[in-house]
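Reading the structure
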Amino acid sequence: MTTQDEISVEIVAAREAYEKGRADGGHAVHHPSRSYAPYRSSVLRHPRQPLVAVDASGDPEAVELSGPVFGATDVTALDSDLTRQHRGEPLGERITVSGRLLDGRGRPLRGQLIELWQANASGRYAHQRDDHPAPLDPNFTGVGRTLTGDDGSYTFTTVKPGAYPWRNHDNAWRPAHIHFSVFGQAFTQRLVTQMYFPGDPLFPYDPILQSVTDASARQRLVAAYDHGLSRPEWSLGYRWDIVLDGPSATWIEEGR
Ligand SMILES: [Fe+2]
C-alpha cells in the first residue's frame, strides 16, 4: 500500500506545480482537478466523457418531478440541533456552527435549505459502510438541516466530529470535518462541500483537502473559531460562510 510519505510527496508536487503556474502568470484555480492523483479514487471515478444533460427528453422539469423536494414546514428547529435528536445527549465537545450563505457579490441568500452530515466525536459515522473500530453513539445520528434566515444566516448545534481513518493509503486519516449541502431551488442545483476546523494537524496529510491546490481557496474551507459565538458554559463557536461564486467562492464538489 502507498505510504503517507509517498502521498505527501505527490501532494507537494501538485501544489508546487500549481504555484509555479501562478508565478508564471497562470490563472487562479479554486476548484480541484477531477483527477487528483494523491486522492486515489478521484482518478478512478472522474468523468472521462462530457456530462450528459439530464434534459435529454426535452423536458427540463422532468427530473424535478422525481427528485426530492422540501417545504418550509418540513424543517423544524430540532433539525438544526444535532444534540437533541435522541433521548440523551451525545458525547463530545458541544459546538455552535454559524455563518451566512452568500452569492458572489456578498448578497445573502435567504430561505435556502442547508443540510449537514458528520461523524460523531469518536470519528465514526452512523452508517453501515463505516466499520472502523470506534464507538457509535446511540445519542448521535450526525445529520441536520436548516433554512437560512433573511440575512442568509444559518446556525447548527452539534458536537465536534473526530478524525477518522480511510483507505486511500497506509495510515490515512481525514481531518475533522463536516459535510455541507446547499440544496438550491431544485435538486439539480444541489452543491456539496466540506468545512474544517482551524489548526488541525492533519491538514497537510489529507489529499482531499489538499486537492484544492490554491492556498486561499483551501483556507476558505476552514471555519474560524469565534469566541463571540461561543455560548457560556454551553458550546464553542465556529463561524463559516459559504460563498457560491466569484473570487471568494467556497470550493464545491463537482458532479454531485
Ligand atoms: Fe466525511
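Keep in mind that this is a model prediction, so the values were computed, not measured. (Residues numbered from 1 in each chain as written. Predicted model: local features only at pLDDT ≥ 70, side-chain atom pairs only at ≥ 80, totals over all residues.)

1. Digging into the overall build of the protein chain
Secondary structure assignment for the protein chain yields five helices and 11 strands. The C-alpha atoms of the protein chain give a radius of gyration of 19 Å, which matches the 18 Å a tight globule of 256 residues would have. For the protein chain, the spread of C-alpha atoms along the principal axes amounts to about 50 × 50 × 35 Å. By the burial criterion, 24% of the 256 residues in the protein chain qualify as buried. A sequence separation of at least 24 residues applies to 71% of the contacts in the protein chain between residues at least 6 apart. (Helix = DSSP H or I, 4+ residues; strand = E, 2+ residues; numbered from the N terminus. Rg over C-alpha atoms; globule rule 2.2 N^0.38 Å. Buried ≥ 20, exposed ≤ 12 C-beta atoms within 10 Å, placed from the backbone. Contact = placed C-beta atoms within 7 Å.)

2. Here's the deal with the environment of Asp81
Locating Asp81 in the fold gives a position in the loop between helix H3 (62-66) and strand S1 (94-102). Along the primary structure Asp81 and Asp130 are separated by 49 residues, whereas in three dimensions their C-alpha atoms are 23 Å apart.

3. Considerations on the sheet that holds strand S2 (residues 113-117)
Pairing in this open sheet of four strands is antiparallel, and the strands run S3-S2-S7-S8 from one edge to the other. A strand with exactly one partner marks an edge of an open sheet, and here the two such strands are strand S3 (143-147) and strand S8 (191-196). Along the sheet, successive strands turn relative to each other by an average axial angle of 25 degrees, direction set aside. (Pairing = 2+ DSSP bridges. Axes fitted to C-alpha atoms, helices over the stretch in contact; angles between N-to-C directions.)

4. Brief notes about unusual backbone geometry
If you check the backbone angles, Asn171 has positive phi at about 60 degrees while not being a glycine. For Asn171, a count of 11 C-beta atoms within 10 Å translates into the label exposed. A positive phi angle, close to 55 degrees, is found at Glu233, a residue other than glycine. Within the element layout of this structure, Glu233 appears in the loop between strand S9 (224-225) and strand S10 (236-239).

5. Looking at helix H1 (residues 4-23)
Taking 1.5 Å per residue, 20 residues should reach 28 Å; H1 reaches 28 Å between its end C-alpha atoms and fits that length. At the exit of H1 stands Gly25, carrying a positive phi of roughly 100 degrees. (Expected span 1.5 Å × (residues − 1).)

6. So, the pairing of S3
Of the two faces of S3, only the one carrying Gly144 and Thr146 is buried; Val143, Arg145 and Leu147 on the other face are not. With five bridges connecting them, S2 and S3 associate as antiparallel partners. Across the sheet, residue Glu115 finds its bridge partner in S3, namely Arg145.

7. Observations regarding the nonpolar core
Grouped together as the largest cluster of nonpolar side chains are 25 residues, with contacts concentrated most on Val97, Leu101, Ile114, Phe180, Met195, Ala223 and Tyr238. Counting only elements with at least two residues in this core, the list comes to S1, S2, strand S4 (153-159), strand S7 (177-182) and S8. Broken down by element, this core gets its largest block of residues, four residues, from S1. Leaving out residues up to four positions away in the same chain, Ile114 has contacts with Leu101, Arg145, Thr146, Thr148, Tyr154, Phe180 and Val182. (Core = buried A, V, L, I, M, F, W, Y, C linked by C-beta atoms within 7 Å.)

8. A closer look at the environment of Thr96
Along the chain, the position of Thr96 falls in strand S1. On the neighbour-count criterion, Thr96 (19 C-beta atoms within 10 Å) is partly exposed. For the pair Thr96 and Tyr238, spaced 142 residues apart in sequence, the C-alpha separation works out to 6.2 Å.

9. A short note on the pairing of S10
Across four bridges, the pairing between S1 and S10 is parallel. Across the sheet, Val97 pairs through a bridge with Tyr238, a residue of S10. Bridging between S9 and S10 involves two bridges; their strand directions are antiparallel. When the sheet's bridge partners are listed, Ala224 is paired in S10 with Arg239.

10. Observations regarding the environment of Tyr18
With respect to the helices and strands, Tyr18 occurs in helix H1. Under the C-beta neighbour-count criterion, Tyr18 is labelled partly exposed, with 18 such atoms within 10 Å. Considering only alpha carbons, one finds Tyr18 and Ala28, 10 residues apart in sequence, at a separation of 8.8 Å.

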